[in-house]
Amino acid sequence: MCRAGGAPEPADPGDETDGARMDAAFTSLLEDSAEDLYDSAPCGYLSTMMDGTIAKVNATLLDWLGLERDAVVGRKRFADLLTVGGRLYHETHFAPLLRMQGDLRGIALEMRTAGGGRLPVLVSSVVKYGSEREPLLIRTTVFDAADRRAYEEELLRRRRDAEQARTEAERARAEAERARAEAEEARRQAEADRERLADALAVLQRSLLPDTLPELPGMEAAVYYHTASPDQLGGDFYDLFPVDEHRWAFFLGDVCGKGPQAASLTSLTRYTLRAAAHHDPEPAAALTTLNTVLHERYGRSEDPRYCTVVFGILEPGGDGGPTKIRIASGGHPPALVLRADGRAEFLPTPGGLLIGVLPSALISTAEAVLAPGDTLLLYTDGLTEARTGPTRESLYGEDALHAFATALAPAAPQETITALNRLLDGFGDGLDDDTALLALGVPATRSHSCPATDSP
Amino acid sequence: MVIRRRNNVTVTGPATGPTVVLAHGFGCDQNMWRLIVPALAERYRVVLFDYVGSGRSDLSAWSQERYSSLQGYATDVVEVCEELDLERATFVGHSVSAMAGVLAAQAVPERIGALVMVTPSPRYIDDDTGYRGGFTAEDIDELLASLDSNYLGWSSTMAPVIMGNPERPELGQELTNSFCATDPDIARVFARTTFLSDSRDDLKSVSVPTLVLECAQDAIAPRGVGAYVHAAIPSSRLVTLAATGHCPQLSAPEATAGAILDFLADLP
């Protein structure tokens, strides 16, 4: 036995006074009659007929509701004590469930007080049955649930807040996902556009350069073409084609600028030179025609365009005879010949001017003979103006090219192109311009490389 | 088969007898009819079902869009009638279900030959034309708040169990109050649809024999409402049961079954 708030008393049978006090407490508890327990219990009690008419109610509940017993017993139904919302809930859920299950626990309802207030309560009911299982009456207990309801409402409020936050997070996530999908779609579109552009550029580029070089009887030809930027058309061009049964025309040049404008200039240049060569295969005449055409087309515009170009005619010597070449240049770097004896020499064409700048062309010409083992090399300034050195500040230059060619010679056309290709690779990002190389040569046949088969 | 499962359709009584379809209202499920089914099933084939969202229906078939109008519930009725290929069945609807039955009879008149409207109300809210439905809009808001306070054994983790385990019915029975256990979100939609609907104009379409059953004391559908429904349907008969509450099939099962059987016996 404990006293509220005190330590256990030491057992002491000799203490008559304490024993008497305890007895008195027990006696008062025993006098707490069932009647009083019902009426003054810390919860509401009521009993109703099966139709809800209140037959008995305790003082606690009457006190909570502020009602007189006479106004309630036999006069009101349980549902009459509820708020309207509570009554609706009672009719649609509480009463049917109670009738089906025989009991019902912990249902949250609201009661109306006489003063117009609301009392949140938790209600439990049980049906009392007769000997034939017939329902007789309903016993109900009512607990004051004001604190608990406030707590539940707080929980509900927080749950709604959490759900709202979750919904918003979900919306933001969906938004981000949509933006990501759009970005991805835009990226794919851009990629597709880029590919289409690259395809178109490749087609266009092929129209500016020959697909393959024609077979030159008794000679070799090799080319190399490098475009500085994969999404820009190159400004360099070359071609090789027969003009009649004995003679071949070739050219290599560089138009000013890059991209579509340069490409249209390249196209005009290439087809003009081809037509001019068939009309009059004299190199200077072909370049003069080109100069006239370009100047007529662009010379008076606000955006004058021009090119540098070497145009040549070669006549292969039949039966091992020397191959003659005649070239004309308009402002282009000099051609280079790698001799069979290991020398390398420029074919100077000084004084030639850019094609298309002036109404009348200033064209410089040169001639040479290629013996077996000799190779003629044409190139654009992408090669000679590649930036070299640790800081990429000096240009490769014609002297270095001459030295390189001298070291290389003798070399057949493909061998020459392969060596220069390696040289260009070595420039790395110092090679920042388009570069075209065209090599034509007479194989070092019979008397040199294969003497055994020369004289049967 | 899909609909049988979706609406937890159960059929009892003689297979060849005239068919009576019993439809529960807002609140609980087909168990609402359990006290009168035995009396009806002696002579009639009795079809019971749960609306989608209630009882052991398939909750995954529920959508707020469909069940936010009485037409959605009427479509459940129509689909159950079609699934069982019913002809000229008597549709017994409790409370709001009585109005779903009116809409269903409009849609498939060949399948529904008679209506029994148990404590019906075509409009719960009073208006200024003198109509007395018994409630104000604020009262309905209070009801929705009551729904939020009582989950009746509902727990989302148990939803699949309640939702339908025809193979293991004992799972559902273990839950306290499971007859009326409804997902609170679904209950709120059903309550809104029920108590905010206005079906007064639809009553005029009823031409089949109709029994209007009302209770002497009904906190949800007061006496004037039963008289209103009876007056709006010329082919109707009004019977007032000496019962209290909104669910006479529970509070006065013998009288309710007797009134329905009398009506059925008089049908052509």
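All residue numbers refer to positions counted from 1 along the written sequence of the respective chain. In the order they appear in the text, chains get letters beginning with A and ligands get numbers beginning with 1. Residue-level local features of this predicted model are given only where pLDDT is at least 70; pairs of side-chain atoms are given and counted only at 80 or more, and the full residue set underlies all totals for whole chains, interfaces and linings. As a rule here, side-chain values cover all heavy atoms of the structure and leave hydrogens and water aside.

Chain B is annotated in an unreviewed UniProt entry as Hydrolase from Streptomyces ruber.

As annotated in an unreviewed UniProt entry, chain A carries the name Histidine kinase and is attributed to Streptomyces ruber.

Draft legend 1. Summary view of the sheet that holds strand E7 (residues 236-242) of chain A. All names here are of chain A. Here, strands pair whenever DSSP counts at least two bridges between them. Secondary structure elements are defined from DSSP: runs of H or I of at least 4 residues count as helices, runs of E of at least 2 residues count as strands, and each element is numbered from the N terminus. The 5 strands are arranged E7-E8-E9-E10-E13 in an open sheet whose pairing can be described as antiparallel. Where the open sheet ends on each side, the last strands, each with one partner, are E7 and strand E13 (364-370). Looking at each pair of strands side by side, their axes are set apart by 15° on average, direction ignored. In the sheet, strand E8 (residues 248-255) pairs with strand E9 (residues 307-315) via 8 bridges, with the strands oriented antiparallel. Residue pairing for E9: Val255 is matched across the bridge by Cys307. Helix-sheet contacts for helix H7 (residues 259-279) involve E7, E8 and E9, and the interaxial angle to E7 is about 20°. For every element, the axis is a line fit to its C-alpha atoms; helices are fit only across the contacting stretch, and the angle between N-to-C directions ranges from 0 to 180 degrees. Between two residues, a contact is recorded if the distance between any of their heavy atoms is within 4.5 Å.

Draft legend 2. Structural detail: the pattern of salt bridges. Residue and element names in this part refer to chain A. Put simply, a salt bridge is a Lys or Arg side-chain nitrogen that is within 4 Å of an Asp or Glu carboxyl oxygen. Counting across every chain of the model gives 36 salt bridges over all chains. We note a salt bridge from Arg105 to Asp103, for which the minimum N-O separation is 3.1 Å. The closest approach of N and O atoms between Arg274 and Asp239, which form a salt bridge, is 2.8 Å. Here Arg274, found in helix H7, pairs with Asp239, found in strand E7; they are 35 residues apart in sequence, far enough to count as distant. On the basis of relative accessible area, Arg274 is assigned to the partly exposed category, the value being 27%. What you see here is one network of salt bridges that share partners, running through Arg339, Asp341, Arg343, Glu345 and Asp374. Here's how the labels work: a residue is buried when its accessible area is under 20% of the maximum for its type, exposed when over 50%, partly exposed in between, all with a 1.4 Å probe on protein chains only.

Draft legend 3. Looking closely at the packing of aromatic side chains. By convention, a stacked pair of Phe, Tyr or Trp rings (six-membered ring in the case of Trp) has centres within 6.5 Å and planes under 30 degrees apart, an edge-to-face pair has planes over 60 apart, and any other such pair is tilted. By the definition in use, this model includes 16 aromatic pairs over all chains. With 6.3 Å between their ring centres and 15° between their planes, A:Phe251 and A:Phe311 make a pair best called stacked. Of this pair, A:Phe251 sits in strand E8 while A:Phe311 sits in strand E9; the two residues are 60 residues apart in sequence, bridging distant segments of the chain. The burial state of A:Phe251 is the same as that of A:Phe311; both residues are buried. Aromatic pair B:Tyr67 and B:Tyr73: ring centres 5.2 Å apart, planes at 70°, arrangement edge-to-face.

Draft legend 4. How the structure looks around the pairing of E13(A). Residues and elements named next belong to chain A. Burial along E13 is one-sided: Ser364, Ala366, Ala368 and Leu370 are buried, while Thr365, Glu367 and Val369, pointing the other way, are not. In terms of strand pairing, strand E10 (residues 323-330) meets E13 through 7 bridges, oriented antiparallel. Across the sheet, the residue bridging to Ala328 is Thr365, located in E13.

Draft legend 5. Broad picture of the interface of chain A and chain B. The interface is formed by 26 residues belonging to chain A together with 34 residues belonging to chain B. Accessible area, probed at 1.4 Å, shrinks when two parts are joined; the buried area is that loss added up over both. Interface area, chain A with chain B, both sides summed: about 2500 Å², of which 62% is carbon and sulfur. Looking at the side of chain A facing chain B, the largest losses of area belong to A:Leu88, A:Glu91 and A:Met100, adding up to 25% of the total buried there. At the junction of chain A with chain B, the criterion picks out 1 salt bridge.

Draft legend 6. Representation of the packing of helix H10 (residues 397-408) of chain A against helix H11 (residues 413-427) of chain A within the structure. Residues and elements named next belong to chain A. Close contact between H10 and H11 brings their axes to 11 Å; oriented N to C, the two are set at 135°. It follows from the interaxial angle that H10 and H11 lie oblique. Both H10 and H11 take part in a crossing whose hand is right-handed. Where H10 abuts H11, its residues Leu401, Phe404 and Leu408 lie against Thr416, Ala419, Leu420 and Leu423. When the residues that make up the contact of H10 with H11 are grouped by side-chain class, the tally is 6 nonpolar, 1 polar and no charged. The cut-offs work like this: below 35 degrees is roughly parallel, past 145 is roughly antiparallel, 65 to 115 is roughly perpendicular, and the gaps in between are oblique. In a left-handed crossing the near helix is turned counterclockwise from the far helix by less than a right angle, and in a right-handed crossing that turn is clockwise. Polar here means any residue other than Ala, Val, Leu, Ile, Met, Phe, Trp, Tyr, Cys and Pro, which are nonpolar, and Asp, Glu, Lys and Arg, which are charged; Gly is therefore polar.

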